[in-house]
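# Architecture and fold: a report
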Amino acid sequence: MERLAKIDPELPGRIVGMGEAAVNGRIQSEHMVIEGTISLQKEGLRWGAGVTALIVCLGFVLILLGKDGVGFASIVLAVASLLGAFLYGKISDAKVSKGSTESEDGSDEG
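Residues numbered from 1 in each chain as written. Predicted model: local features only at pLDDT ≥ 70, side-chain atom pairs only at ≥ 80, totals over all residues. Heavy atoms only, no water.

## So, the overall build of the protein
When you go through the protein residue by residue, the secondary structure sums to three helices and zero strands. Within the protein, the proportion of its 110 residues that are buried is 7%. A total of about 9,200 Å² of accessible surface is found on the protein, and carbon and sulfur atoms cover 67% of it. (Helix = DSSP H or I, 4+ residues; strand = E, 2+ residues; numbered from the N terminus. Buried < 20%, exposed > 50% of the residue type's maximum accessible area, 1.4 Å probe, protein only. Areas by Shrake-Rupley, 256 points an atom, 1.4 Å probe, with all protein chains shown as cover.)

Below is the structure:
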């Protein structure tokens, strides 16, 4: 940097400024991606809850209409789907956190 300062005294500051601008741009870009992902996840949760509530309500209607087997099956299916999604999320999170712990420890065992 000293050699660059001899050429032009403002050059080191401009180079550092360019690096800082690049880092800030990358941070803003990552922030936008994260916010978009969170927004999509929230929307997915709302849709999933709505569809599940609809299926459960229709299951009760079917039971009231005398279609006990189909109504009960739709309720069980809706609850099992929620349980499966919950367990899948927990297992995926556990795998991700296990992988990040291994990379911090320096071991690459899978």
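From this point on, the discussion continues.
## Quick look at the environment of Gly48
With respect to the element layout, Gly48 can be found in helix H2 (residues 11–64). On the accessibility criterion, Gly48 (29% relative accessible area) is partly exposed. When the C-alpha positions of Gly48 and Leu82 are compared, they lie 8.6 Å apart, and in sequence the two are 34 residues distant.

## Focus: a nonpolar patch on the surface
On the surface, Phe60, Ile63, Phe72 and Val76 cluster together into a nonpolar patch covering about 380 Å² of accessible area. Elements with a contribution of two residues or more to the nonpolar patch: H2 and helix H3 (68–105). Inspection of the secondary structure assignment puts Phe72 in helix H3. (Patch = residues over 30% accessible without salt bridge, like charges linked within 9 Å, V, L, I, M, F, W, Y side chains within 5 Å. Salt bridge = Lys/Arg side-chain N within 4 Å of Asp/Glu carboxyl O.)

## A short note on the confidence of the model for the protein
Parts of the prediction with low pLDDT should not have their coordinates interpreted in detail. Mean pLDDT for the protein: 83, with 88% of residues reaching 70 or above. Of all the helices and strands in the protein, helix H1 (residues 2–7) carries the lowest mean pLDDT, 73, while H2 carries the highest, 88. (pLDDT = per-residue confidence, 0-100.)

## Focus: the side chain of Ser74
Mapped onto the fold, Ser74 is located in helix H3. Discounting chain neighbours no more than four positions away, the residues touching Ser74 are Ile55 and Gly59. (Contact = heavy atoms within 4.5 Å.)

## Some remarks on H2
Given a rise of 1.5 Å per residue, 54 residues ought to cover 80 Å, and the 79 Å separating the end C-alpha atoms of H2 matches this to within 8%. What H2 keeps buried is the set Pro12, Thr52 and Gly59. Residue Gly66 follows H2 closely and has a positive phi angle near 95 degrees. (Expected span 1.5 Å × (residues − 1).)

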